[in-house]
Amino acid sequence: MYNSTQFLEHFQSSCAFDMQCHDQVAAICNRVQQDGDVALYDYNLQFDGVMTQELEVPQSELQNAYDTLDTHLRNALEHSYQRIHDYQTHIRYNNQEPYQNMYEVYHPISSVGIYVPGGKASYPSTVLMTATLARVAGVKEIIVVTPPQKDGIAQSVLAACHIVGVDHVYQVGGAQSIAALAYGTATIPKVDKIVGPGNQYVAYAKKLVYGEVGIDQIAGPSEIALIIDQSCDLEAVVYDVLAQAEHDEMARTYVISTDMLLLERLESRLSEVAATTERQDIIATSLEQHHYAIYAPTFKVCCDIMNTIAPEHASIQTEQPQDYVPYIHYVGSLFLGGYAPEAIGDYIAGPSHVLPTNRTARFQHGLSVNDFLTKHTVIQLDKKTYNQTYRDAAYIAQDEALYNHEQSLKIRMRGTHDD
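These notes cover the structure that comes with them.

Rules behind the numbers
Residues numbered from 1 in each chain as written. Predicted model: local features only at pLDDT ≥ 70, side-chain atom pairs only at ≥ 80, totals over all residues. Heavy atoms only, no water. Helix = DSSP H or I, 4+ residues; strand = E, 2+ residues; numbered from the N terminus. Buried < 20%, exposed > 50% of the residue type's maximum accessible area, 1.4 Å probe, protein only. Contact = heavy atoms within 4.5 Å. Lys, Arg positive; Asp, Glu negative; His and termini not counted. Charge placed at Lys NZ, Arg CZ, Asp CG, Glu CD. Expected span 1.5 Å × (residues − 1). Phe/Tyr/Trp six-rings, centres within 6.5 Å; stacked < 30°, edge-to-face > 60°. Lys NZ or Arg CZ within 6 Å of the ring centre and 35° of its normal. Pairing = 2+ DSSP bridges. Right-handed = clockwise from strand over helix to strand, strands pointing away. Axes fitted to C-alpha atoms, helices over the stretch in contact; angles between N-to-C directions. Parallel < 35°, antiparallel > 145°, perpendicular 65-115°, else oblique. Nonpolar A, V, L, I, M, F, W, Y, C, P; charged D, E, K, R; others polar. Core = buried A, V, L, I, M, F, W, Y, C linked by side-chain atoms within 4.5 Å. Salt bridge = Lys/Arg side-chain N within 4 Å of Asp/Glu carboxyl O.

### Structural notes on the overall build of the protein
Then comes step 1: For the protein, the helix and strand inventory stands at 16 helices and 14 strands.
Then comes step 2: Projecting the C-alpha coordinates of the protein onto the three principal axes gives extents of approximately 85 × 60 × 45 Å.
Then comes step 3: Across the 419 residues that make up the protein, the buried fraction comes to 49%.
Then comes step 4: Contacts in the protein between residues far apart in sequence, at least 24 positions, make up 75% of those at least 6 positions apart.
Then comes step 5: Counting 26 positive and 51 negative side-chain charges, the protein places the centres of these two groups 10 Å from one another.

### Brief notes about helix 6 (residues 124-137)
Then comes step 1: The terminal C-alpha atoms of helix 6, which comprises 14 residues, lie 20 Å apart, in line with the 20 Å expected from a rise of 1.5 Å per residue.
Then comes step 2: Within helix 6, 13 of the 14 residues are buried, leaving the element largely enclosed by the surrounding structure.
Then comes step 3: Looking one or two residues past helix 6, Gly-138 carries a phi angle of roughly 100°, positive in sign.

### What to know about the packing of aromatic side chains
Then comes step 1: One pass over the structure, following the stated rule, counts twelve aromatic pairs.
Then comes step 2: Measuring from centroid to centroid gives 5.6 Å for Phe-299 and Tyr-327, while their planes differ by 90°, and the two rings are edge-to-face. Taken together, the residues span a long stretch of sequence, with Phe-299 in helix 13 (residues 299-309) and Tyr-327 in the loop between strand 12 (313-317) and strand 13 (333-336) at a distance of 28 residues.
Then comes step 3: Using a relative accessible area of 32% as the deciding quantity, one classes Phe-299 as partly exposed.
Then comes step 4: Using a relative accessible area of 47% as the deciding quantity, one classes Tyr-327 as partly exposed.
Then comes step 5: An aromatic cluster is present here, built from Tyr-2, Phe-7, Phe-11, Tyr-254 and Tyr-292 joined pairwise through their rings.
Then comes step 6: Positioned above the aromatic ring of Tyr-43 is the side chain of Arg-31, whose terminal nitrogen or guanidinium carbon lies 5.6 Å from the ring centre.
Then comes step 7: Over the aromatic face of Tyr-66 sits the side chain of Arg-74, whose NZ or CZ is 5.5 Å from the ring centroid.

### Focus on the sheet that holds strand 8 (residues 214-215)
Then comes step 1: Ordered by their spatial adjacency, six strands build an open sheet running 2-6-5-4-7-8, and the pairing between neighbours is mixed. Edge positions in the sheet fall to strand 2 (56-57) and strand 8, since each of these pairs with one other strand and no more.
Then comes step 2: Sheet topology places strand 4 (residues 111-115) next to strand 7 (residues 193-195); three bridges connect them, and they run parallel. Counterpart to Val-112 in the pairing with strand 7 is Lys-193.

### Describing the pairing of strand 9 (residues 223-228)
Then comes step 1: Most of strand 9 is tucked away, with six of its six residues classed as buried.
Then comes step 2: Alternating positions in strand 9 separate into two faces, Glu-223, Ala-225 and Ile-227 on one and Ile-224, Leu-226 and Ile-228 on the other, with burial throughout.
Then comes step 3: Across five bridges, the pairing between strand 9 and strand 10 (residues 252-257) is parallel. Directly across from Ile-224, in strand 10, lies its bridge partner Thr-253.
Then comes step 4: Where the polypeptide runs from strand 9 across helix 10 (residues 234-245) and back to strand 10, its parallel neighbour, the crossover connection is right-handed.

### What to know about the sheet that holds strand 13
Then comes step 1: Read from one edge of the open sheet, six strands run 1-11-10-9-12-13, paired in parallel fashion. Strands with a single pairing partner mark the edges of an open sheet, and in this sheet they are strand 1 (2-3) and strand 13.
Then comes step 2: Those strands touched by helix 12 (residues 280-290) are strand 10 and strand 11 (291-295), and its axis lies near 45° from that of strand 11.

### Brief notes about the packing of helix 2 (residues 22-35) against helix 3 (residues 37-48)
Then comes step 1: Interaxial distance between helix 2 and helix 3 falls to 6 Å at its minimum, and their mutual angle equals 140°. As far as their axial angle goes, helix 3 and helix 2 are oblique. From helix 2, Gln-24, Ala-27, Ile-28, Arg-31, Val-32 and Asp-35 reach across to helix 3, where they touch Asp-37, Val-38, Ala-39, Leu-40, Asp-42, Tyr-43 and Phe-47.
Then comes step 2: Grouping the constituent residues of the contact of helix 2 with helix 3 by class yields eight nonpolar, one polar and four charged.

### Observations concerning helix 13
Then comes step 1: Within helix 13, burial applies to Cys-302, Cys-303, Ile-305, Met-306, Asn-307, Thr-308 and Ile-309.
Then comes step 2: Elements in contact with the buried residues of helix 13: helix 1 (4-11), strand 9, strand 10, strand 11 and strand 12.
Then comes step 3: Downstream of helix 13 by a residue or two, Ala-310 has a phi angle that is positive, lying close to 45°.

### Digging into the nonpolar core
Then comes step 1: Ile-114, Val-127, Val-169 and Phe-372 are the most contacted members of the largest nonpolar core, which totals 41 residues.
Then comes step 2: For this core, the secondary structure elements donating two or more residues are helix 4 (59-68), helix 5 (71-91), strand 4, helix 6, strand 5 (141-146) and helix 7 (155-164).
Then comes step 3: For this core, the leading source of residues is helix 6, giving eight residues.
Then comes step 4: Filtering out sequence-adjacent residues up to four positions away, Val-169 remains in contact with Leu-55, Glu-56, Val-57, Leu-62, Val-144, Leu-158 and Cys-161.
Then comes step 5: Residues Val-145, Leu-181, Ala-182 and Ile-188 belong to the second largest nonpolar core, which totals 28 residues.

### Focus: the pattern of salt bridges
Then comes step 1: Within this structure, the stated rule accounts for ten salt bridges.
Then comes step 2: In this structure, Lys-206 engages Asp-216 in a salt bridge whose closest nitrogen and oxygen atoms are separated by 2.6 Å. Placement of the pair is Lys-206 in helix 9 (residues 200-209) and Asp-216 in the loop between strand 8 and strand 9, with a sequence separation of ten residues.
Then comes step 3: Between Glu-235 and Arg-269 there is a salt bridge whose closest N-O contact spans 2.7 Å. Residue Glu-235 is found in helix 10, and its partner Arg-269 is found in helix 11 (residues 260-274); the two are separated by 34 residues along the sequence.
Then comes step 4: What makes Glu-235 partly exposed here is its relative accessible area of 31%.
Then comes step 5: Sharing partners across several salt bridges, the network here consists of Arg-31, Asp-35 and Asp-42.

Remember that the coordinates give geometry; whether it matters functionally is a separate question.
Right, dumping it as C-alpha cells:
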C-alpha cells in the first residue's frame, strides 16, 4: 500500500524497458536484411522451436479455419468485427471542404504489416482490432505476421484473418518478423507501416526500423489503472486487476482510492482469488512486482496520479464516474462505470485495443482507422488571395536571405500595378 507521495516518488524512478536486448535486436534485424528468408527459417527454429516448411499460410487454411471453428466463437468474432467496422467507419476522416482555396485530402496507406502475438496465448482479437481498421481505411495490402507454433497457427487467429480479408499471413514472429516487413525478403514484401502489440524484442525492432517504415508505437508492458469508491463491485474490480495481470509477468496494475479501508479489502480479496485462479504463476509475478494500491486523499489527487501514470487503460468505477472526464487527460482509453470493464474494450466495444503504454499517452493516442490514412494539403490560391499575401511572404523571404524565394513570389505580379 502506498500513499500518493510515496507512490509518485517510487513511480518516477521506475523503468519499463530492458536496454540489454537492444544489441541482440539490432543483430537480428541486420541478419534478416542480409539473409532474408534463410534467416527467418533459422530464427523460427532457434527462438520458437519450429522447423517451418513454408513461411506463408495458404488462404485455403484461413478458409478452413473459419469453416471448422466452433460456431459460438465464429459468431463472436463476426460480432466483434462488425462493431469495430461500424465504429471505425463512423470516425474515419473525410476530405475537408475548402477554406480560402485550401483543404486536406486523405488517402489509405498502400501496404500495412500487422504483428499478432502468439507466445503465451493466441490473439484473434488483435487481428480484428488492427486489420479491420486497415480494411475500413482502404489499405490495398494487409499482411499479418505471427510466431510459428508446433501445432500450427491458432485456428481462431486464422479465422479472424479470413473474416477481415487479410491478404497474406506469415508464420514468423519476434524482431525478425519486424525486420522482414521493414526490409522485405524473397517471400515477405516490404510494407509502408507496421502496427500491433508485442514483447520488448518486437518493440525495439519497431524502434530500430522506424524511418524505413512507419510504426504505430513503441509498446511497453500492458497496464491498467483504476479509481474506485464504495459504490464499486469489489469482486468485479478484483477480476479487472487479474485480467490485466494475466497478460504477462510485466503487466502493471494500479488501484487508486480515497478510501483506505476499501483498498485494504481489495488487496485481501485479490490475494485470495489470485491463489486459486488460472495462470497463477504469471499473475503472482505481475502482482508481486508491478501491482500498486494507492491511497489518495482527494478527488484532485486521484486525477493527478492517473495523469502521471498515463496508463494504457483507465477505469473509473465510482458513483459518478463521468465527473472525472474533464480532469483525466492522459490515458490510452477511458472506461467509465461498472459495465465498461477493460475486457469489453479488448474484444468487442469498437475502438482498437492497441493503445499507448509506458506513459506515452502523454503525447499519442490509441490506434484508429485514421492511422492507416495519409493526408496532404491542397493549395490553389486565386489571384485575389495571392495579391493579399505575396508581399508579406516576400518580406519574410528577404529577411531569410532567400533571394529566389522572394523573386518567385514577386515575378508573378510583374507588369501589374502591384509589381
